[in-house]
Amino acid sequence: MTAAVAFAQDAAAPAADAAAAAAPAVPVPDKGDTTWMLLSTILVILMTIPGLALFYGGLVRAKNILSVLMQVLVGFSLIAILWVVYGYSVAFTGAATPAEATALTPFFGGLSKMFLAGVGLDSLAETFTKGVFIPELTFVIFQLTFAAITPALIIGAVAERMKFSAVLVFLVLWFTFSYLPMAHMVWWWGGPSAPTDTPSGYLFAIGAYDFAGGTVVHINAGVAGLVAALVVGPRVGYGKDVMAPHNLVWTIVGACLLWVGWFGFNAGSNLEANGLAAQALLNTIVATAAAALAWSFVEWLTRGHASALGAASGAVAGLVAITPAAGFAGVGGAIVLGAIAAVICAWAVIWLKAKLGYDDSLDVFGVHGVGGIVGAIGTGVVASDKLGGFPLAGYEMGAQVGHQIWGVLTCIIWSGVVSFVALMITKAIVGLRVTEAAEREGLDVTTHGERAYN
């Protein structure tokens, strides 16, 4: 090497080092967070198939268990496909700048990521911490499981009487025009590194808290279930014939699987494996435990005994109520919220439904709708740092409760209107109910040509 060449290299070295230092670092997804999110995704699938399927299947009469299992399984499969076709794009894309925004931007995303266009092995999604990323595909599949379980919840409200074809048509319409807009309204915001003027979802913009889906999932599905039960009408013999659950063992097993899977649902919604995820997981334990105990106590006090079905129903009510508050509540607030939700849901299931006379077969509205409303509004209270909670910057209890109530009302109206219109469209296309003869014989045989027990 000549002296001139050596001198040139020495002179160029500082310039190269400066250029390297100035170049922006390429974000690297955290493998621990990614692993946790993949595990959480699997847990949420466990909630649906087999958890929700068994919980619902045990509650219906023996002649209809296969119909419920089929509706949950095929419904999950259907929404999974629609999610990657257009669902993810509609829920989780938006205008990058105010200049690109339209009147629909707060309510709907776009179609730029149809069929997951642009979502590759190297594309990233930012978590709630600036500069912390997971693979975008991981976020896509995690949110897929939320999208798939939510319509499946509605099935319980019209179990034992709605046509299989009608269920599928309704789920497509409801998913498209109720679930996706609500997910966009509540959860779309661009991430912590996005400019502060990036247009966000309508309810996110007003400051409504929903950590894991109190409005998006439970109130949304609960209201749809109530509307569907009213429009489809009661089962043949409702109020006259015995319609007791045929297998409470399956229901208890399903409820326990729901509880286990819900850890992914709630703690996974933190998107990171850290202390707040652990807090959300702890809240999911204690709120559910408090709710199971509270429902059992209410039954013991009013009926003289505590039933297995009541304890399972209470547990699910607690899971529903803590969902929006999972990452905002302290452990004390979670316990109180779970217990209060169980008492109110027990009242809705035991007294309110009988008083109003609607046939919500498996109490979708009484547990998910009512529990979601209690949890969503209660989140505004238990998030207070004075109660051991973890509020976002600028929190003030009175104002936050107001935001929560507005979010609840928005969801009730949106889901109610969409559900009614979707049912009318479904009725015009394929009809809603099986024949009375088919309903009396059972949907397992008349719809699917099978018997669960031979």
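Please read all numbers here as calculations on a predicted model, not as lab measurements.

So, how was this worked out
Residues numbered from 1 in each chain as written. Predicted model: local features only at pLDDT ≥ 70, side-chain atom pairs only at ≥ 80, totals over all residues. Heavy atoms only, no water. Helix = DSSP H or I, 4+ residues; strand = E, 2+ residues; numbered from the N terminus. Buried < 20%, exposed > 50% of the residue type's maximum accessible area, 1.4 Å probe, protein only. Contact = heavy atoms within 4.5 Å. Areas by Shrake-Rupley, 256 points an atom, 1.4 Å probe, with all protein chains shown as cover. Lys, Arg positive; Asp, Glu negative; His and termini not counted. Charge placed at Lys NZ, Arg CZ, Asp CG, Glu CD. Axes fitted to C-alpha atoms, helices over the stretch in contact; angles between N-to-C directions. Parallel < 35°, antiparallel > 145°, perpendicular 65-115°, else oblique. Left-handed = near helix turned anticlockwise from the far one by under 90°. Nonpolar A, V, L, I, M, F, W, Y, C, P; charged D, E, K, R; others polar. Disulfide = S-S within 2.5 Å. Salt bridge = Lys/Arg side-chain N within 4 Å of Asp/Glu carboxyl O. Phe/Tyr/Trp six-rings, centres within 6.5 Å; stacked < 30°, edge-to-face > 60°.

Bringing the overall build of the protein chain into the picture now. A tally of helices and strands in the protein chain yields 15 helices and two strands. Each principal axis of the C-alpha distribution contributes one length, and for the protein chain these read about 100 × 50 × 45 Å. Residue burial in the protein chain is summarised as follows: out of 454 residues, 54% are buried. When contacts within the protein chain are restricted to residue pairs at least 6 apart in sequence, those whose partners lie at least 24 apart make up 80%. Carbon and sulfur atoms provide 72% of the accessible area of the protein chain, an area that totals close to 18400 Å². For the protein chain, the distance from the average position of its 17 positive side-chain charges to the average position of its 24 negative side-chain charges is 17 Å.

In the contact formed by helix α8 (residues 248-267) and helix α9 (residues 275-303), the axes pass within 9 Å of each other and the chain directions differ by 140°. Considered as vectors, α8 and α9 are oriented oblique to each other. Considering only the axes of α8 and α9, their crossing is right-handed. Contact residues: Trp-259, Trp-262, Phe-263, Asn-266 and Ala-267 in α8; Ala-277, Ala-280, Leu-281, Thr-284, Ile-285, Thr-288 and Ala-289 in α9. Its residues assigned to classes, the contact of α8 with α9 shows nine nonpolar, three polar and no charged.

The subject of this paragraph is unusual backbone geometry. A negative phi angle is the norm for most residues apart from glycine, just as the trans form is the norm for most peptide bonds. Of note, the amide linkage connecting Ile-49 to Pro-50 takes the cis form, showing an omega dihedral of 25°. By the element assignment, Pro-50 lies in helix α2 (residues 31-59). A positive phi angle is found at Leu-116, which is not glycine, with a value near 60°. With respect to the helices and strands, Leu-116 occurs in the loop between α3 (65-92) and β1 (124-126).

Glancing now at the state of the cysteines. Enumeration according to the criterion identifies zero disulfides in this entry. Cys-345 carries a free sulfur, and the closest cysteine sulfur to it, the one in Cys-411, is 15 Å from it. For Cys-411, a relative accessible area of 0% corresponds to the buried category.

One pass over the full model with this rule turns up nine salt bridges. One salt bridge in this structure joins Arg-61 and Glu-160, with 3.1 Å as the shortest N-O distance. One end of the pair, Arg-61, is in the loop between α2 and α3; the other, Glu-160, is in the loop between α4 (136-154) and α5 (164-187), and 99 residues separate them in sequence. Here Arg-61 and Glu-160 have matching classes, each one buried. Measuring nitrogen to oxygen at the nearest pair gives 2.6 Å for the salt bridge that ties Lys-113 to Glu-136. Linking Lys-113 in the loop between α3 and β1 with Glu-136 in helix α4, this pair joins segments that are 23 residues apart in sequence.

On to the packing of aromatic side chains. Applying the stated criterion across every chain, the model contains 21 aromatic pairs. For the ring pair Tyr-88 and Phe-139, a centre distance of 6.4 Å and an interplane angle of 70° mean the geometry is edge-to-face. Separated by 51 residues along the polypeptide, Tyr-88 in helix α3 and Phe-139 in helix α4 bring together distant segments of the chain. Both residues of the pair, Tyr-88 and Phe-139, count as buried. Here Trp-262 and Phe-265 contribute two aromatic rings whose centre-to-centre distance is 5.5 Å and whose plane-to-plane angle is 65°, an arrangement assigned as edge-to-face. Note that Trp-262 and Phe-265 are positioned in helix α8 at a spacing of three residues, about one turn of the helix. Exposure remark for Trp-262: the relative accessible area of 2% places this residue in the buried category. Ring pairing ties together the aromatic residues Phe-142, Phe-146, Trp-187, Trp-262 and Phe-265, which thus form one cluster.

The subject of this paragraph is the packing of helix α11 (residues 331-356) against helix α12 (residues 364-382). For the pair α11 and α12, the least separation of the axes is 9 Å and the interaxial angle reads 150°. When you trace α11 past α12, the crossing you get is right-handed. Seen from α11, the contacting residues are Gly-333, Leu-337, Ile-340, Ala-341, Ile-344, Cys-345, Ala-348 and Val-349; seen from α12, they are Gly-366, Val-367, Val-370, Gly-371, Val-374, Gly-375, Gly-378 and Val-382.

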